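The residues making up each chain are set out below.
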Amino acid sequence: MEDELAISVRGLRKAYGDNVAVAGVDLDVHRGEVFALLGPNGAGKTTTVEILEGYRQRDAGQVNVLGSDPGLVFGSRLRGSRAGSAPTSRRQTADWRSRVGIVLQGTGEFDELTVAEVVRHFSGFYPGADDPDKVVERVGLGAKANARTHTLSGGQKRRLDVALGIIGRPELLFLDEPTTGFDPEARREFWELIRDLAAAGTTIVLTTHYLDEAESLADRVGVIAAGRVIEVAPPNLLGNRQDALATVSWRTPDGTPETAQSATPTALVAELAARFGGEVPGLTVTRPTLEDIYLSMIGH
Ligand SMILES: Nc1ncnc2c1ncn2[C@@H]1O[C@H](COP(=O)(O)OP(=O)(O)OP(=O)(O)O)[C@@H](O)[C@H]1O
């Protein structure tokens, strides 16, 4: 069973001075799963993810990521060029790092280098790297392969960040607010890319403020507020969403809007159809969206 977990976290705590950012987080992410972390600004998502990535040291708790404790590689750099005080060998650190892909918010520009050059350069860091040209195409930057990175738009730079996150063919990919600044078409294309990676077996952990993104991509979502996990569930089951009452709206023959809450909307619609002798004017049936449920969970 443990082998099926890409990530296992128990009792994770982290404070910055008096400010407790992570206050006892338990979390499991299964291999091959797409897991979305949701939570308001300052909830502790980035701190949690940075601890999982080995970029931040925790105060307490057990953390296992792909069979290793990321705390032991804390302070090391990509390629294990600096092992810090980790009691892990440079080789082990480099191996672990090469299995974990990270897409940070804005890796930045690479001055005069072109997109293709940067991706090719990064591919040299990984033993089993993907074909750089293929990856550039895959993130939708084919037409910009020979453009210098400082000439890219904000959304195109994000795509380059993604390319650098996946060039090493990671088993586990962390994405921090990956589609911020994307236009709607670019977001849909990016979602397709994530689905392709997931279908190929990559475990994906993403943080996002877009509820539609979580709903569209995630097998499960975890809601964090004030450093604690409030609930972990598939998006359609979060907050007992499936049991929520449906809202049925229609118009009376004189045009007055009517609304009713119902646990059995099908029966109500059938009754309305009988009453109207066919088509019910202005009929809509809705249930709370993921956003409605999420906002009620975090107290709005
Ligand atoms: N380097 C730091 N030094 C001091 N305090 C920090 C640091 N990083 C985060 N914090 C604090 O820890 C808390 C959690 O921040 P964190 O960035 O983990 O939240 P988040 O859920 O990722 O928020 P957002 O959605 O805004 O990115 C906040 O109160 C924040 O101010």
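The rules behind these values
Each chain carries its own residue numbering, running from 1 in the direction its sequence is written. This being a predicted model, a pLDDT of at least 70 is required before a residue's local features are given, and a value of 80 or more before pairs of side-chain atoms are given or counted; all residues contribute to the totals for chains, interfaces and linings. Only runs of H or I of at least four residues qualify as helices and only runs of E of at least two qualify as strands under DSSP, and these elements are numbered from the N terminus. Buried residues are those with 20 or more other C-beta atoms within 10 Å of their own C-beta, exposed residues have 12 or fewer, and partly exposed residues lie in between; C-beta atoms are placed from the backbone. Here, residue contact means that the backbone-derived C-beta atoms of the two residues sit within 7 Å. Pairing between strands is defined by DSSP: at least two bridges between the two strands are required. Working convention: axes come from line fits to C-alpha atoms, limited for helices to the stretch in contact. Angles between N-to-C directions cover 0 to 180 degrees. Note on definitions: a nonpolar core is a set of buried residues drawn from Ala, Val, Leu, Ile, Met, Phe, Trp, Tyr and Cys, linked by C-beta atoms within 7 Å. Domain limits in this description derive from either an automatic procedure or a database domain assignment. It is the directions from the helix axis to the C-beta atoms whose arc is reported. By convention here, the C-beta atom is placed from the backbone, and a residue is near a molecule or strand when that atom is within 6 Å of it. By the convention adopted, Pro, Cys, Tyr, Trp, Phe, Met, Ile, Leu, Val and Ala count as nonpolar, Lys, Arg, Asp and Glu as charged, and the other residues, Gly among them, as polar.

Q: How should I be thinking about the overall build of the protein in this particular structure?
A: Looking only at helices and strands, one finds nine helices and 12 strands in the protein. Projected onto the principal axes, the alpha-carbon positions of the protein cover approximately 75 × 45 × 35 Å. Out of the 300 residues belonging to the protein, those deemed buried represent 36%. In the protein, 62% of the contacts between residues at least 6 apart in sequence involve partners at least 24 apart.

Q: Just to check I follow, could you spell out the sheet that holds strand β12 (residues 284-286) for this structure?
A: By definition, the strands of a sheet pair up through backbone hydrogen bonds, in either a parallel or an antiparallel sense. Pairing within the open sheet is antiparallel, and its three strands lie in the order β11-β10-β12. The open sheet has two edge strands with one neighbour each: β11 (257-262) and β12. Strand after strand, the sheet turns through a mean of 20° between neighbouring axes, direction not considered. Sheet topology note: the strand β10 (residues 246-251)/β11 ladder contains six bridges and is antiparallel. The residue bridging Trp250 from the neighbouring strand is Glu258, located in β11. Contacts from helix α8 (residues 265-276) reach β10, β11 and β12, with the element oriented near 15° to β10.

Q: What exactly am I supposed to notice about the nonpolar core here?
A: When a protein is soluble and globular, its nonpolar side chains tend to lie buried together. Judged by nonpolar contacts, the single largest core of 61 residues is most densely connected at Ala36, Val119, Ala163, Ile204 and Val205. Each of domain 1 (2-115 + 169-235) and domain 2 (240-297) gives at least three residues to this core.

Q: Got a minute to help me understand unusual backbone geometry in this structure?
A: Glycine aside, residues mostly have negative phi angles, and peptide bonds mostly take the trans form. Although it is not a glycine, Arg169 sits at a positive phi angle of roughly 50°. The residue Arg169 is located in the loop between α5 (154-166) and β6 (172-176) in this model. For Arg169, a count of 19 C-beta atoms within 10 Å gives the class partly exposed. Look at Ala226: it is not a glycine, yet its phi comes out positive at around 50°. Position of Ala226 relative to the elements: it lies in the loop between β8 (220-225) and β9 (228-233). Residue Ala226 is classed as partly exposed on the basis of its 16 C-beta neighbours within 10 Å.

Q: I keep staring at helix α9 (residues 290-297) and nothing clicks. Help me out?
A: Residue pairs three or four apart in sequence face the same way in an α-helix, which turns once every 3.6 residues. Of all the positions in α9, only Leu290, Ile293 and Tyr294 are classed as buried. Taken around the axis of α9, the buried residues stretch over an arc of 100°, which confines them to a single face. Lining the buried residues of α9 we find β3 (34-38), α7 (211-217) and β8.

Q: Honestly, the domain arrangement of the protein in this entry has me stumped. Any pointers?
A: For the protein, the assigned domains are domain 1 (2-115 + 169-235) and domain 2 (240-297). One C-alpha centre belongs to domain 1, the other to domain 2; they are set 39 Å apart. Opposite the eight residues of domain 1 that make contact, domain 2 presents four residues. Only α7 and β9 provide two or more residues apiece to the side of domain 1 that touches domain 2. Counting residues per element, the side of domain 1 that touches domain 2 draws most heavily on α7, at three residues.

Q: What exactly am I supposed to notice about the site of the ligand here?
A: Near the ligand, the surroundings consist of Tyr16, Asn19, Ala21, Gly39, Asn41, Gly42, Ala43, Gly44, Lys45, Thr46 and Thr47. Counting residues per element, the ones that place at least two in the shell around the ligand are β2 (19-30) and α1 (45-53). A per-element tally of the shell around the ligand places α1 first, with three residues. When the residues that make up the shell around the ligand are grouped by side-chain class, the tally is three nonpolar, seven polar and one charged.

Q: For this particular structure, what's the right way to read the environment of Thr93?
A: Looking at the element boundaries, Thr93 is found in helix α2 (residues 90-99). C-beta crowding within 10 Å serves as the criterion here: with 26 such atoms nearby, Thr93 is assigned to the buried category.

Q: When you look at the sheet that holds strand β4 (residues 60-65) in this model, what are you seeing that I'm missing?
A: Strand order in this open sheet of three strands is β2-β1-β4, and the pairing throughout is antiparallel. If you trace the sheet from one side to the other, it starts and ends with β2 and β4, each paired once. When the angles between neighbouring strand axes are averaged without regard to direction, this sheet yields 15°. In this structure, strand β1 (residues 5-16) lies alongside β2, joined through nine bridges in antiparallel fashion. Note that in β2 the partner of Ser8 across the bridge is Asp28. Docked against the sheet, α1 engages β1, β2 and β4, running at close to 120° with respect to β1.

Q: Please clarify how the pairing of β3 should be interpreted in this entry.
A: In regular strands, side chains alternate between the two faces of the sheet. By the criterion of burial, β3 is predominantly enclosed, with five of the five residues buried. Both β3 and strand β7 (residues 203-207) contribute to a ladder of four bridges, which runs parallel. The residue bridging Phe35 from the neighbouring strand is Val205, located in β7.

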